[in-house]
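Here's the letter readout for the chains.
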Amino acid sequence: MTGTPTQPSSEKSPAIEQLIQQRREKKDRLLKEGKRPYGHRFERSMTLAEVHKNFEPKVPAHDQGGSEPLNETLNLAGRLMTRRDLGKLCFAHLHDHSAKLQLKLSKQDTGDDVYKSFLKDVDLGDIVGVSGKPCRTKTGELSLQVQSFEILSKSLRPWPEKYHGVTDIETRTRQRELDLATNEESRNRFLARSKIIHSIRIILDKLSFIEVETPLMQGVPGGAAAKPFITHHEALDMELYMRVAPELYLKRLLVGGFDRVYEIGRAFRNEGIDTRHNPEFTILEAYQAYADVRDMMELSERLIQGAAQALGVHEVNYRGETCQIDAAFDRASLVDLFKKHLSLDLIELCQSKKWKQAAEDKGLRVPADATERKCFDLLFDERILTHLDRPSFVLDYPSAFSPLAKTKPDQPLLADRFELFIAKEEVANAYTEQNDADEQKAKFSEELAKRQSGDEEAMPVDEEFIQALQYGMPPAGGLGIGVDRLTMILTGSSSIREVILFPLLKPQ
């Protein structure tokens with residue numbers, strides 16, 4: 001049996017370095033013998049999953065002696081992850097992105113030279129191309145009876161222990177390539193993420209939304225209450241900001257006549273890192289002219305349930321929370337929730353602005369420098385969110401904390417806005433968009449005052465956006481969904497690092 005070390009392959013140790021040196025010597029020998037340790041194009045007949053699908057029914061199982069190979073030659077490729085040498089017979093497992101398949105090699109089938117070359121030249125971790133016929137072994141396992149092979153990529157660094165893969169969380173996130181190649185669960189999680197994004201695109205495209213791209217580097221970091229990353233453009237000699245949200249550019253497209261637009265892309269926020277937050281993340285934002293927040297509720301429910309359906313998920317199990325995802329979502333006003341769970345009058349609080357006092361009166365630990373918005377968040381997160389057992393649209397946020405939203409027609413202290421919570425996790429944010437340029441500028445001025453008093457997350461004034469609104473933006477509803485957060489919930493992942501291929505990490 002050919003073994004591999006149990007340490008992560010990036011770890012420096014005398015044993016690892018010795019194995020690397022041995023593989024380099026093997027590579028050099030192959031080159032001197034006129035063999036290519038790094039191949040070129042290889043035409044596969046099919047993926048390994050397709051081999052199982054197409055040939056499991058065709059290759060009969062026999063109680064003894066296995067089965068005769070089919071008279072059909074396949075060309076397959078993948079990474080060699082296990083190998084058992086039994087003298088005149090060798091068994092190995094080939095892996096690709098879709099599945100694994102056993103290889104059966106014997107001197108009788110390959111000839112003595114090819115068989116010896118396989119044992120001598122091929123290491124675990126090498127990517128190989130093989131040619132052979134489907135058969136079934138004595139144990140009943142579908143296999144490929146190999147006739148010939150070629151090395152397509154020599155692995156100079158030994159791979160992790162073959163049965164358990166990469167189990168160390170730090171190694172899995174730093175060396176995602178090893179994680180994906182050895183952990184089926186991780187690979188399936190990222191395939192699920194891809195299906196979620198694909199599902200969202202299909203639904204929006206069917207609804208006549210146009211997918212667009214807006215700048216990642218912006219002169220003004222608008223569209224969300226967040227601290228931005230700052231960069232410098234040498235040729236223009238100017239400071240730029242990595243976008244915190246694509247919102248303001250997307251709404252300028254509504255002014256330009258695109259009635260339905262969306263973007264799925266990166267946003268950047270210079271904030272803390274924890275199991276639920278990464279400084280670089282993926283967001284969906286969609287805007288629909290002549291719509292409002294109620295249309296956005298219908299759209300978000302359709303998108304999220306469509307993504308769940310694409311994964312075959314009917315019930316989510318996330319961080320100890322379980323709830324149905326395929327039933328209609330609840331709707332609740334913050335006015336009612338504050339009264340029910342805090343015995344507080346939300347309208348009165350919006351008028352008095354005594355958010356800090358209210359939080360302290362409810363026994364919450366409030367930082368001395370906490371803003372009114374942070375105190376509101378504390379009240380909601382600690383005293384209300386814990387009661388939301390079902391997927392819930394929470395409506396009627398204070399307009400003071402919603403500078404880009406229209407106020408409710410019958411109550412100017414509240415915004416025509418919702419946040420969606422699933423398994424007690426915020427997944428979406430939406431509102432009826434403010435399209436009055438003067439009202440928007442007044443809101444920006446209020447945010448500027450907060451910024452000047454020390455609130456780093458308050459929005460700056462975006463004069464170009466105000467100018468665009470002055471040309472006239474149609475009434476609209478806007479929706480934002482955190483793709484990473486949604487993937488966490490639908491896949492039952494406890495950390496955002498598990499759903500981002502390459503999360504930001506401290507240097508080793």
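For the structure given in this document, a descriptive report is provided here. Positions within a chain are numbered from 1, following the residues in the order the chain's sequence is written. Confidence filtering applies because this is a predicted model: local features only for residues at pLDDT of at least 70, side-chain atom pairs given and counted only at 80 or more, and all residues used for totals across whole chains, interfaces and linings. For the side-chain quantities, the full set of heavy atoms in the structure was used; hydrogens and water were omitted.

**Concerning the sheet that holds strand S3 (residues 100-106)**
Argument step 1. Read around the closed barrel, five strands run S1-S2-S3-S5-S4, paired in mixed fashion. Adjacent strand axes in the sheet meet at a mean angle of 55 degrees when their direction is disregarded.
Argument step 2. Any two strands with at least two DSSP bridges between them are considered paired. The helix count covers DSSP runs of H or I at least four residues long, the strand count covers runs of E at least two residues long, and both are numbered beginning at the N terminus. Sheet topology note: the strand S1 (residues 74-85)/strand S4 (residues 127-136) ladder contains six bridges and is antiparallel. The residue of S4 that forms the bridge with Ala77 is Gly129. Lines fitted to the C-alpha atoms define the axes, with helices restricted to the stretch that makes contact. Angles between their N-to-C directions range from 0 to 180 degrees.

**Overview of the pattern of salt bridges**
Between side chains of opposite charge, a pair can form as their charged atoms come close.
Argument step 1. Salt bridge, as applied in this entry: a Lys or Arg side-chain nitrogen positioned within 4 Å of an Asp or Glu carboxyl oxygen. Tallied over the full model, the rule gives 38 salt bridges.
Argument step 2. Here Glu211 ties to Arg201 by a salt bridge, and the two come within 2.8 Å at their closest N and O atoms. A residue pair is termed long-range when its members are at least 10 positions apart, and Glu211 in strand S6 (residues 210-211) and Arg201 in helix H7 (residues 184-206) qualify at 10 residues.
Argument step 3. Per-residue accessibility, obtained with a 1.4 Å probe over protein chains only, is compared with the maximum for each type, and a residue is labelled buried under 20%, exposed over 50%, and partly exposed between these values. Take Glu211: its relative accessible area is 36%, and that puts it in the partly exposed class.
Argument step 4. The residue Arg485 makes a salt bridge to Glu425 at a minimum N-O spacing of 3.2 Å. Residue Arg485 is located in helix H16 (residues 483-491), and its partner Glu425 is located in strand S19 (residues 425-432); the two are separated by 60 residues in the primary sequence. Taken as a pair, Arg485 and Glu425 share a single burial class, namely buried.

**Description of the nonpolar core**
Argument step 1. What makes a nonpolar core is a set of buried Ala, Val, Leu, Ile, Met, Phe, Trp, Tyr and Cys residues whose side-chain atoms join them at distances within 4.5 Å. Formed by 45 residues in total, the largest nonpolar core has its most connected members in Phe418 and Ile422.
Argument step 2. With eight residues, helix H9 (residues 293-311) is the single largest residue contributor to this core.
Argument step 3. In this analysis, two residues are considered to be in contact whenever any of their non-hydrogen atoms come within 4.5 Å of each other. Sequence-distant contacts of Ile422, that is, excluding residues within four places in its chain, are made with Ile304, Val316, Cys323, Ile325, Phe329, Pro391, Val427 and Ile489.

**A word on unusual backbone geometry**
Argument step 1. Unlike most non-glycine residues, Tyr290 shows phi in positive territory, near 65 degrees.
Argument step 2. Topologically, Tyr290 is positioned in the loop between strand S11 (280-289) and H9.
Argument step 3. A positive phi angle is found at Arg319, which is not glycine, with a value near 50 degrees.
Argument step 4. For Arg319, the location among the structural elements is in the loop between strand S12 (315-318) and strand S13 (321-324).

**Examining the sheet that holds strand S14 (residues 330-333)**
Argument step 1. Pairing within the open sheet is mixed, and its eight strands lie in the order S6-S10-S11-S20-S19-S18-S15-S14. In this open sheet, the two edge strands, each paired with only one partner strand, are S6 and S14.
Argument step 2. Sheet analysis places S19 next to strand S20 (residues 476-482), joined by five bridges and oriented antiparallel. Bridged to Ala430 within S20 is Leu479.
Argument step 3. Strands S14 and strand S15 (392-395) of the sheet are contacted by helix H10 (residues 334-342), whose axis makes an angle of about 75 degrees with S14.
Argument step 4. Along the sheet, H16 makes contact with S11, strand S18 (417-422), S19 and S20, crossing S20 at roughly 55 degrees.

**Regarding the environment of His97**
Argument step 1. For His97, the position within the fold is in the loop between strand S2 (89-95) and S3.
Argument step 2. Taking the C-alpha atoms as reference points, His97 and His52, 45 residues apart in sequence, are found 14 Å from one another.
Argument step 3. Leaving out residues up to four positions away in the same chain, His97 has contacts with Thr47 and Arg187.

**Description of the packing of aromatic side chains**
Aromatic ring pairs are reported here in terms of the distance separating the ring centres and the angle at which the planes meet.
Argument step 1. Centres within 6.5 Å make a pair out of two Phe, Tyr or Trp rings, where for Trp the six-membered ring is used; the pair is then stacked when the planes are under 30 degrees apart, edge-to-face when over 60, and tilted otherwise. Overall, the coordinates contain 11 aromatic pairs when judged by the stated rule.
Argument step 2. Aromatic pair Phe380 and Phe421: ring centres 5.1 Å apart, planes at 40 degrees, arrangement tilted. Pair noted here: Phe380 is in helix H13 (residues 372-383) and Phe421 is in strand S18, with a separation of 41 residues, a long-range link. As far as the burial class goes, Phe380 and Phe421 line up, both buried.
Argument step 3. Pairwise contacts between aromatic rings join Phe338, Trp355, Phe376, Tyr397 and Phe401 into one cluster.
Argument step 4. Above the plane of the ring of Phe55 lies Lys58, whose end atom (NZ or CZ) is 5.1 Å from the centre. A ring has a charge above it when a Lys NZ or an Arg CZ is no more than 6 Å from the ring centre and no more than 35 degrees off the ring normal.

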